Amino acid sequence: MMKLFILKNGICLVIGTLLTMWATEYICNQRGYEAVGGEWLITPIILLLVNCSRKFKKNGLILFSEVILKLKRHKKIEME
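Only a predicted model underlies this, so the values are computations on that prediction, with no experimental measurement involved.

Procedures and definitions
- Residues numbered from 1 in each chain as written.
- Predicted model: local features only at pLDDT ≥ 70, side-chain atom pairs only at ≥ 80, totals over all residues.
- Heavy atoms only, no water.
- Helix = DSSP H or I, 4+ residues; strand = E, 2+ residues; numbered from the N terminus.
- Buried < 20%, exposed > 50% of the residue type's maximum accessible area, 1.4 Å probe, protein only.
- Contact = heavy atoms within 4.5 Å.
- Areas by Shrake-Rupley, 256 points an atom, 1.4 Å probe, with all protein chains shown as cover.
- Phe/Tyr/Trp six-rings, centres within 6.5 Å; stacked < 30°, edge-to-face > 60°.
- Salt bridge = Lys/Arg side-chain N within 4 Å of Asp/Glu carboxyl O.
- Expected span 1.5 Å × (residues − 1).
- Bend = angle between axes of the 7 residues up to and from the residue.
- Patch = residues over 30% accessible without salt bridge, like charges linked within 9 Å, V, L, I, M, F, W, Y side chains within 5 Å.

Peer 1: What is the right way to read the overall build of the protein chain from this model?
Peer 2: Of the regular secondary structure elements, the protein chain holds two helices and zero strands. The buried share of the protein chain, reckoned over its 80 residues, is 14%. Put simply, of all contacts in the protein chain between residues at least 6 apart along the chain, 45% involve residues at least 24 apart. For the protein chain, the accessible surface area stands at approximately 7,200 Å², while carbon and sulfur atoms represent 69% of it.

Written as structure tokens, this is what we have:
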């Protein structure tokens, strides 16, 4: 299970980890002291956005297109 997660999200994990390392170093230099802040949420937020976009790509586009078609039929909305 963990191997599958790492294989599916490997690039996101690497990018998120590198961004987190850069952000923590940058923010510590800016603050002048070490503290835990929002910079530690970079990797989880990237994983959340990627996984949500994958689910939206699978399910959301179909639902979205159905809603648009219903709106066009019932309210006769012209779309560009």
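Now that the structure is up, let's keep going.
Peer 1: Would you take a moment to explain the packing of aromatic side chains for this structure?
Peer 2: Describing an aromatic ring pair means giving the distance of the ring centres and the angle of the ring planes. In this structure the tally under the stated criterion is one aromatic pair. Both rings, one in Trp-22 and one in Tyr-26, keep their centres 5.4 Å apart while their planes meet at 15°; by these two values the pair is stacked. Within this pair, Trp-22 and its partner Tyr-26 are both found in helix α1 (residues 2-31), separated by four residues, close to a single helical turn. Classification of Tyr-26 by relative accessible area gives partly exposed; the value is 45%.

Peer 1: Honestly, the pattern of salt bridges in this entry has me stumped. Any pointers?
Peer 2: Any two side chains of opposite charge can pair if their charged atoms end up close together. Evaluated as defined, the whole model comprises one salt bridge. In this structure, the salt-bridge partner of Glu-39 is Arg-31, at a minimum N-O distance of 3.5 Å. When its relative accessible area of 9% is taken as the criterion, Glu-39 is described as buried. Take Arg-31: its relative accessible area is 31%, and that puts it in the partly exposed class.

Peer 1: Honestly, α1 in this entry has me stumped. Any pointers?
Peer 2: Since the α-helix advances by 3.6 residues per turn, residues separated by three or four positions end up pointing in the same direction. For α1, spanning 30 residues, the distance from its first C-alpha to its last is only 36 Å, which falls clearly below the expected 44 Å at 1.5 Å a residue. A bend of about 75° at Asn-9 is the largest found in α1. Burial in α1 covers these residues: Asn-9, Cys-12, Gly-16, Thr-20, Ala-23, Thr-24 and Ile-27. Looking one or two residues beyond α1, the residue adopting positive phi is Gly-32, at roughly 95°.

Peer 1: How should I be thinking about a nonpolar patch on the surface in this particular structure?
Peer 2: Together, Met-2, Phe-5 and Ile-6 give the surface a local cluster of nonpolar side chains, amounting to about 300 Å² of exposed area. When you line up the elements, Ile-6 lands in helix α1. The partly exposed category is assigned to Ile-6, whose relative accessible area is 44%.

Peer 1: Would you mind showing me how to read the side chain of Thr-20 here?
Peer 2: Position of Thr-20 relative to the elements: it lies in helix α1. For Thr-20, a relative accessible area of 7% gives the class buried. The residues touching Thr-20, leaving out its near neighbours within four places in the chain, are Glu-39, Trp-40, Ile-42 and Thr-43.

The values are spatial; any link to function lies outside them.
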